[in-house]
Amino acid sequence: MTETLQEIKRAYEGEENRPLSSYTRVLAVYGGAVSALLATARLTGRKPPEKIGPMDLMLMGLFTHRLSRTLAKDPVTSPIRAPFTRYEGVSGPAELKEKVRGHGLQHAVGELLTCPFCLSQWVATGYAAGTVFFPRLTRLAGATMAAVAISDWLQFAYVRLMKASE
């Protein structure tokens, strides 16, 4: 079995060195966390919302977008990423460019922490769990991050309008 897995790994990687076993560990942590949340909900009698309306979905989406970008790119959250990355410069307004470093699990976690698209699955799962365990607090956090996301877009629109008027 181990030999078969190594053969699959070599065939997948080609000339690249990809940390597939470390990705598997990261996936196992995610699966374990979801399983623990489901078990806790069942044990405590918590139920998911009967339905998720369009406004709730919009709030969840804006929250997920903003928090994922904040965690992956914001200068203030760089201490979270520092054990896994190397600073390379600025990539956009209030966003950093960082290179993932290390091998194995360090590299896999670095890829997760620097990718807002990758983090969004984890953030959205956390938000969904929050709606089960702490719905009022979760909606407040959602509204806060949604306001920040909308503000970001308004800042970009303002700058664009100012440039167009020059």
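What comes next is a walk through the structure. Predicted, not measured: the structure shown is a model, and the values here were computed from it. (Residues numbered from 1 in each chain as written. Predicted model: local features only at pLDDT ≥ 70, side-chain atom pairs only at ≥ 80, totals over all residues. Heavy atoms only, no water.)

1. A word on the nonpolar core
The test is simple: Throughout, nonpolar core names a set of buried Ala, Val, Leu, Ile, Met, Phe, Trp, Tyr and Cys residues whose side chains join them through atoms within 4.5 Å. Buried means the residue's accessible area, taken with a 1.4 Å probe over protein chains only, is under 20% of the maximum for its type, while exposed means over 50%, and partly exposed covers the values in between. Secondary structure elements are taken from DSSP: a helix is a run of H or I of four residues or more, a strand is a run of E of two residues or more, and numbering for both begins at the N terminus. Whether two residues touch is decided by their heavy atoms; if any such pair falls within 4.5 Å, the residues are in contact.
The biggest cluster of nonpolar side chains holds nine residues, and these are Leu59, Met60, Leu62, Phe63, Val123, Tyr127, Met145, Ala146 and Ala149. Within the residue set of this core, elements represented by two or more residues are α3 (54-73), α6 (116-133) and α7 (135-165). Discounting residues that sit within four places of it in the chain, Tyr127 has contacts with Leu59, Met60, Phe63, Thr138, Arg139 and Gly142.

2. Some words on a nonpolar patch on the surface
Spelled out, the test is: Put simply, a patch holds well-exposed residues, over 30% relative accessible area, that have no salt bridge, with like charges counted together within 9 Å and Val, Leu, Ile, Met, Phe, Trp or Tyr side chains within 5 Å. To measure how exposed things are, a 1.4 Å probe is used in the Shrake-Rupley method; for residues, cover is taken only from the protein chains shown. Salt bridges, as used here, are contacts in which a Lys or Arg side-chain nitrogen is within 4 Å of a carboxyl oxygen on Asp or Glu.
Residues Ile150, Trp153, Leu154 and Phe156 make up a contiguous nonpolar surface patch of about 430 Å² in total accessible area. With respect to the element layout, Leu154 can be found in helix α7. The exposure class assigned to Leu154 is exposed, which follows from its relative accessible area of 56%.

3. Observations regarding the packing of aromatic side chains
Note the following rule: Each aromatic pair joins two rings of Phe, Tyr and Trp (for Trp, the six-membered one) with centres within 6.5 Å, and gets the label stacked for planes under 30 degrees apart, edge-to-face for over 60, and tilted for any other angle.
Under the counting rule described, the total for this entry stands at two aromatic pairs. The interplanar angle of 45 degrees and the centroid separation of 4.9 Å between the aromatic rings of Phe63 and Tyr127 together place this pair among those described as tilted. Within this pair, whereas Phe63 is found in helix α3, its partner Tyr127 is found in helix α6, the two being separated by 64 residues in sequence. Taking the relative accessible area as the measure of exposure, Phe63 reaches 10% and is therefore buried.

4. What about unusual backbone geometry?
Its identity as a non-glycine residue notwithstanding, Ala94 has a phi of 60 degrees, on the positive side. Within the element layout of this structure, Ala94 appears in the loop between β1 (85-92) and β2 (95-100). Ala94 sits in the exposed class, given a relative accessible area of 58%.

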